[in-house]
Structures are given as C-alpha cells and as structure tokens.
Amino acid sequence: MNLELQSLSWAQAASAKTDALVVLVAKAARPETGLIANMLAQAEKSGDFSPAAGQCMLWWKPPGLTALRLVLVGVGEGRPQDVRQAVTAGVNALKKSKVQHITVCLQAAQLPHLAIAAQAADDANYVYTATKPSAKASAVSKLVIGVPQAAQAKSAFALAQAQVAGVALAREWGNRPANHATPEHLAQAAKQLAKHARVSCQVMGPKEVTRLGMGSFAAVAQASAEPLRFIVLEYKGAAASQAPVVLVGKGITFDTGGISLKPGPGMDEMKFDMCGAASVLGTFEALAQLKPAINVVGLIAACENMPGGKALKPGDVVTSMSGQTIEILNTDAEGRLILCDALTYAKRFKPRAVIDIATLTGACVIALGNLRSGLYATDEQLAAQLQAAGDQTLDLNWRMPLDDEYAEGLKSNFADVANVADRNAGSVTAAKFLQRFAKDFPWAHLDIAGSAWKSGAAKGATGRPVPSLLAYLTSVSALASTPAKKASASKPARRRT
Ligand code: BES
Ligand code: MN
Ligand code: ZN
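Residues numbered from 1 in each chain as written. Chains lettered and ligands numbered in written order. Predicted model: local features only at pLDDT ≥ 70, side-chain atom pairs only at ≥ 80, totals over all residues. Heavy atoms only, no water.

Draft legend 1. Layout of the packing of aromatic side chains. By the definition in use, this model includes 5 aromatic pairs. Seen from their ring centres, F230 and Y345 are 5.0 Å apart, and the 85 degrees between their planes marks the pair as edge-to-face. Taken together, the residues F230 in strand β8 (residues 229-236) and Y345 in helix α10 (residues 335-346) connect sequence positions 115 residues apart. Across the pair, exposure class does not vary: F230 and Y345 are buried alike. The rings of F217, F230, Y345 and F349 are connected pair by pair, giving a single aromatic cluster. Above the plane of the ring of Y126 lies R171, whose end atom (NZ or CZ) is 4.0 Å from the centre. (Phe/Tyr/Trp six-rings, centres within 6.5 Å; stacked < 30°, edge-to-face > 60°. Helix = DSSP H or I, 4+ residues; strand = E, 2+ residues; numbered from the N terminus. Buried < 20%, exposed > 50% of the residue type's maximum accessible area, 1.4 Å probe, protein only. Lys NZ or Arg CZ within 6 Å of the ring centre and 35° of its normal.)

This is how it looks when you write it as structure tokens:
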C-alpha cells in the first residue's frame, strides 16, 4: 500500500479527492467551523456520535463533501492505544465498500502517534495471498495521512513509512508456511535486501558453519533435508569507526521438537518459529528506506528442527563455537542452541550492543500472554531504551529478571551446561542459557513467543517487534549524531583493564 502525507485541515478535507475520509475526533480541542465540524456537532447533539475511543459513524454521500464516504471516529482521551483503536475501527468500517484510496485525518494532538495510526491502517488492510490465490488482495492501494501541517510531520512520517514497510515484510515471511519459507528462501530474501544502497549480505551453508566451529547450530540442523543457512546482513549508515548494533534472529523455519517431538495439535504454528529472523529482515527493509546514521549487523541462524535417523538425541553433547560443551536434554529447546553460536559470532563486530529476537519459550507465553514481549538485558541503558522504544510504538516489552540463581538448573554432569532446566521460570532459564554466550558486550534478548503471531481465527504473524527495534535504532542514531556526543566520542576512550 502506498503511504502519503498531506497538509489537510478539516476544511480542506471536505474538498479532498479521496474515496473515503476517516476523521479522528478527540474529546477536546477540535475545529469548530466548516462542514465536517458542523456535521460532527449535529451528530453529537442527536446522540448518534460521541468521541469515545473507537466509536464510529459512517456517512454515505455526505452533503457538500467531495469524498463519497465520511467516517467520524472517536479517539477518546487520545492515548496511543486510543489512536490505534480509532484507526482500526475507521478502516474496518470501510471493509465492505470498494474503496481504493483512504484519507485518515489526524489533528495536531495525534501527531506523536502518527506511526501508530499508519501501522493500524496498514494492519487493517493486510490480506495474506502468497499461498491463497482465492483471497482477494485488499483493494486499498493508497493511504493518505492528512495532518494540519505536513512540514511539521515529515520526519515522523518517514519513520512511519519505514516501519510499515518493515512490519509488512516481517509479517509476510512469518506467515509463509515452512515449505514456502525454507532457510534458503530466507537467504534469498536477505539477498534481495542487499539490492538496497548501504545494505550487503553474505550467506553461509553447512560447510562454512562447521568450519566456524558452530557445532551447536549444526547439530540442530543435522536431521533436516533442508540445508541450514547462516545469514549475515550489514547496514552501513555511519562511519566504519562507529560500533554497530547487532541483531540476531532465531530462524527455525519449522520446529517439530526433534526427537523430543511436540504434540500434534497446533504444531502447524511452529512455522512461525522463524519470526525472530523475519523481524531482522523487516528491520533491514525499514533501515534501507529510512537511512539512519547508524551501523547495524543482522545475523540469522536458519534451519529446521526435525526428527530422523540423523537427529540429535537427548543426552548428546555438542561443542559450541564458544568452546563450551552443551548436554542436550531436550531437543525441543533448539532455539537457544542455534542462537548461542550466532551470539558468539556477533563478538567479531565489536558491537555496541547485541539484541537477539526469538520465539524462544512457551513459558514466556504463559508469563506475559500476547501483549508484551519478554525483555532481558545485561545493560541498564539498553533495557531502558528498548522499554521506551516499545512504549512509544505500542510494541510493548516487559523487563524480566536475570538473577544468577535462575541458572542453577542448567548444571550438567556431562557438559559445561545443559540446554534445559526444569519447568519453572522456563523463559528465564532459557535467557540464562543465552547469557553465557553474551558476556562480551551489552546484550538484550526479546522472547517474542507470545507477541510474534496470533492464534485462533485471526491466526497470523504480527510483524513484531520491528517497531521496537526500529525505534530503538533510530534513537541510538539520534544520540550518536548529537554534537555533544560526537565531541566526546572523538577522544580516544580510556581502555578498561
Ligand atoms: N519454538 C518453541 C517455543 C514456543 C512454543 C513458542 C510454543 C511459542 C509457542 C521452542 O523451541 C520450544 O520448543 N521451547 C520449549 C522449551 C522447553 C523444551 C524447555 C518450550 O517452550 O516448551
Ligand atoms: Mn522447540
Ligand atoms: Zn523453537
């Protein structure tokens, strides 16, 4: 869908050439004259409309307006959640009409939530078609965001556009079934991204990964007919001297559980086990469009977790790239086994921060449900930045603990570490396992098992946590480019001994 920004007061909106106007109405501070304001006043007077969040009123052939349809939609108190709810309701109200061109009008008070509004509109219009030709792609091809003064909203709009594109790519790859989203398909998608300026991509296969000593990653892939891929993406938006942020995505294109086989019901949803990888692809799409002044590396470990004659067995011991040996007590705890080697690989970039993104544990879904991703961090600033990035985009995160006592259960009599502890605090013990491989840099881990996709009738990928990641990366690039920081960064930092 094409996104556009326009200067549109309510008065100008009345004569805007569009198939439908969606006008957000706050409780306070709104235009009082003009056609739309008059219609609103009358509708409120007659009790047909109130600006409660998400409340909608649709006119067909509104008198005097150029657009064939007008939707008034309330934003209540104007909280970000209210704006999202309002846009979703407004766009959904037009679902049955054959509209191709929608104009969503925001008021000044809603400008801080421009990206949330654009995202809500795009989400409401998304239709999955890749393997369902009978599904009609959304007819909406153009979405205009109307604001009182476009010049003031330019940078917010650029961010919104990039985010929407990034989420769309992540959601699309997340949704594709495992036979249409193999490790090699993900590698091809990454290579496509490298066609953008500033983006490059390198793809490794089983031989290179074994040569690197990634015995843990290779072990997970060893029973699959699909060869593993290790994908290295680089976005270079700043001087080479600036340390990059490294994003690490879990790319299990299908998780059967391996020999520790998962139960049958619902197993189809394990095609979503590459949503961490998809979020890295989506974030790179967004970076390529937005071109922020920052360096970012994306690492994707992609393979299937299959049972079979060559499969890893409970009790097997593998040697990770870090040199630590791992006793595999449960082959279904495979995400941490591929991520640990990618984390070790991340060290070579001398990163300023490493963030891994993974549909890692069912336990995280039990703890946080679908609303918030689990956020773990060894660095307070990184934690605060990711928390803030999530709050700002409504792609919410929740800080989880990393006390050392939680690692107790990972002890093994036969290796340096076991890949599982008991059932208690399963999301935390998984993070404690990863932390052993993330000692050399500020590290954060997002457990997106609950947030990456929806189950039930609305089954489908969400494209999360691309909004958080993008907001974090742009905040880092803004920090790095403030003059004060530049001056101190040019002084050689004192080495810690
Ligand atoms: N991909 C799953 C985690 C998962 C399960 C995400 C259900 C979303 C919904 C992961 O590989 C896994 O199987 N984890 C196990 C770990 C356990 C064996 C310690 C789990 O959560 O059951
Ligand atoms: Mn698993
Ligand atoms: Zn998994």
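Draft legend 2. Spotlight on the site of ligand 1. Taken together, 16 residues form the shell around ligand 1, and within it K262, D273, D332, E334 and G362 come nearest. Within the contact set of ligand 1, a nitrogen atom lies 2.8 Å away from a side-chain nitrogen or oxygen of D273. Within the backbone of T359, a nitrogen or oxygen atom sits 3.3 Å from a nitrogen atom of ligand 1. (Near = heavy atom within 4 Å. Polar contact = N/O pair within 3.5 Å; in protein donor to acceptor, adjacent residues only side chain to side chain.)

Draft legend 3. Broad picture of the pairing of strand β13 (residues 353-358). Among the 6 residues in β13, 6 count as buried, and that is most of the element. Burial along β13 is two-sided: A353, I355 and I357 facing one way and V354, D356 and A358 facing the other are all buried. With 5 bridges joining them, strand β9 (residues 245-255) and β13 adopt parallel strand pairing. Counted as the bridge partner of V248 is D356 from β13. Across 5 bridges, β13 lies against strand β17 (residues 443-447) in parallel orientation. By the bridge assignment, D356 is partnered in β17 with H445. (Pairing = 2+ DSSP bridges.)

Draft legend 4. Just the nonpolar core, in detail. Ranked by internal contacts, the top residues of the largest apolar core, which has 57 residues, are L247, L281, I355 and Y472. Not counting chain neighbours up to four residues away, the residues in contact with Y472 comprise V245, A353, I355, L382, Q385, L386 and A389. Judged by nonpolar contacts, the second largest core, of 50 residues, contains V248, V297, Y376 and F433. (Core = buried A, V, L, I, M, F, W, Y, C linked by side-chain atoms within 4.5 Å. Contact = heavy atoms within 4.5 Å.)

Draft legend 5. A look at the environment of A358. Here A358 shows up in strand β13. Residues A358 and G374, 16 residues apart in the sequence, show an inter-C-alpha distance of 10.0 Å. In this structure, A358 is in contact with K250, L339, H445, L446, D447, I448 and A449, ignoring residues within four places of it in sequence.

Draft legend 6. Representation of the packing of α10 against helix α13 (residues 426-435). Direction vectors running N to C along α10 and α13 enclose 30 degrees, while the axes themselves pass 9 Å from each other. Here α13 runs roughly parallel to α10, going by the angle between their axes. You can see that α10 and α13 cross each other, and the crossing is right-handed. Here α10 contributes R336, L337, L339, C340 and L343 to the contact with α13, which in turn contributes A430, F433 and L434. (Axes fitted to C-alpha atoms, helices over the stretch in contact; angles between N-to-C directions. Parallel < 35°, antiparallel > 145°, perpendicular 65-115°, else oblique. Left-handed = near helix turned anticlockwise from the far one by under 90°.)

Draft legend 7. How the structure looks around the coordination of the manganese ion (ligand 2). Protein-derived coordination of the manganese ion (ligand 2) comes from D255 (OD), D332 (O), D332 (OD) and E334 (OE), at a distance range of 2.0 to 2.2 Å. Because the angles between the 6 donor atoms bound to the manganese ion (ligand 2) fall within 72 to 169 degrees, the donor set is best described as irregular. Between consecutive donor residues of the manganese ion (ligand 2), the sequence gaps follow D-x76-D-x1-E. Here the manganese ion (ligand 2) and the zinc ion (ligand 3) are spaced 3.2 Å apart, with D255 acting as a shared donor. You can see D255 sitting in strand β9 and its partner E334 sitting in the loop between β12 (325-327) and α10, a full 79 residues away along the chain. Just as D255 is buried, E334 falls in that class too. (Donors = N, O, S within 2.8 Å, 3.2 Å for Na, K, Ca; no water. Tetrahedral: all angles 85-135°; square planar, octahedral: opposite > 155°, others 65-115°.)

Draft legend 8. Local environment of the environment of A135. In this fold, A135 is placed in the loop between α4 (114-125) and β6 (142-147). Beyond its immediate chain neighbours, meaning those up to four positions away, A135 contacts V127, Y128 and T129.

Draft legend 9. Seen up close, the domain arrangement of the protein chain. Assigned domains within the protein chain: domain 1 (2-148) and domain 2 (164-478). Centre-to-centre separation of domain 1 and domain 2, based on C-alpha positions: 37 Å. Around 1,100 Å² of area is buried between domain 1 and domain 2 when both sides are counted, 58% of it from carbon and sulfur atoms. Counting the surface domain 1 buries against domain 2, the share from its top three residues, Q119, Y126 and Y128, is 40%. At the boundary of domain 1 with domain 2, the tally comes to 2 salt bridges. Between D123 and R171 there is a salt bridge; the shortest N-O distance is 2.6 Å. Across the contact surface, domain 1 and domain 2 share 4 residue pairs in polar contact (both at pLDDT 80 or more). Among the elements of the structure, α3 (80-92) and α4 are those that each provide at least two residues to the side of domain 1 that touches domain 2. The greatest single-element share of the side of domain 1 that touches domain 2, amounting to 5 residues, is contributed by α4. Of the residues assigned to the side of domain 1 that touches domain 2, the class counts are 7 nonpolar, 3 polar and 3 charged. (Domains from an automatic or database assignment. Buried area = accessible area lost by both parts, 1.4 Å probe. Salt bridge = Lys/Arg side-chain N within 4 Å of Asp/Glu carboxyl O. Nonpolar A, V, L, I, M, F, W, Y, C, P; charged D, E, K, R; others polar.)

Draft legend 10. The coordination of the zinc ion (ligand 3), seen in detail. For the zinc ion (ligand 3), every protein donor is listed as K250 (NZ), D255 (OD), D273 (OD) and E334 (OE), and the spread of their distances is 2.0 to 2.4 Å. Considering all 6 donor atoms around the zinc ion (ligand 3), angles at the metal cover 78 to 174 degrees and the coordination shape is octahedral. Between consecutive donor residues of the zinc ion (ligand 3), the sequence gaps follow K-x4-D-x17-D-x60-E. On the basis of relative accessibility, which here comes to 1%, the residue D273 falls in the buried class. On the basis of relative accessibility, which here comes to 1%, the residue E334 falls in the buried class.

Draft legend 11. Structural detail: empty space enclosed by the protein. With the rule as written, the count across this model stands at 2 cavities of 30 Å³ or more. The calculated volume of the largest cavity comes to roughly 60 Å³. Taken together, A219, V220, Q222, A223, G258, N305, M306, A311, L312, T331, E334 and L337 form the lining of the largest cavity. Among the residues forming the lining of the largest cavity, the class breakdown is 7 nonpolar, 4 polar and 1 charged. Size it by volume and the second largest cavity reaches roughly 30 Å³. For the second largest cavity, the full set of lining residues is A170, R171, C275, A278, A452, A461, T462, G463 and R464. (1 Å grid on protein atoms, 1.4 Å probe; cavity = no way out; pocket = protein on both sides within 12 Å on 5 of 7 lines; lining within 4 Å. Points joined across faces, edges and corners; volume = space filled by probe spheres on them.)

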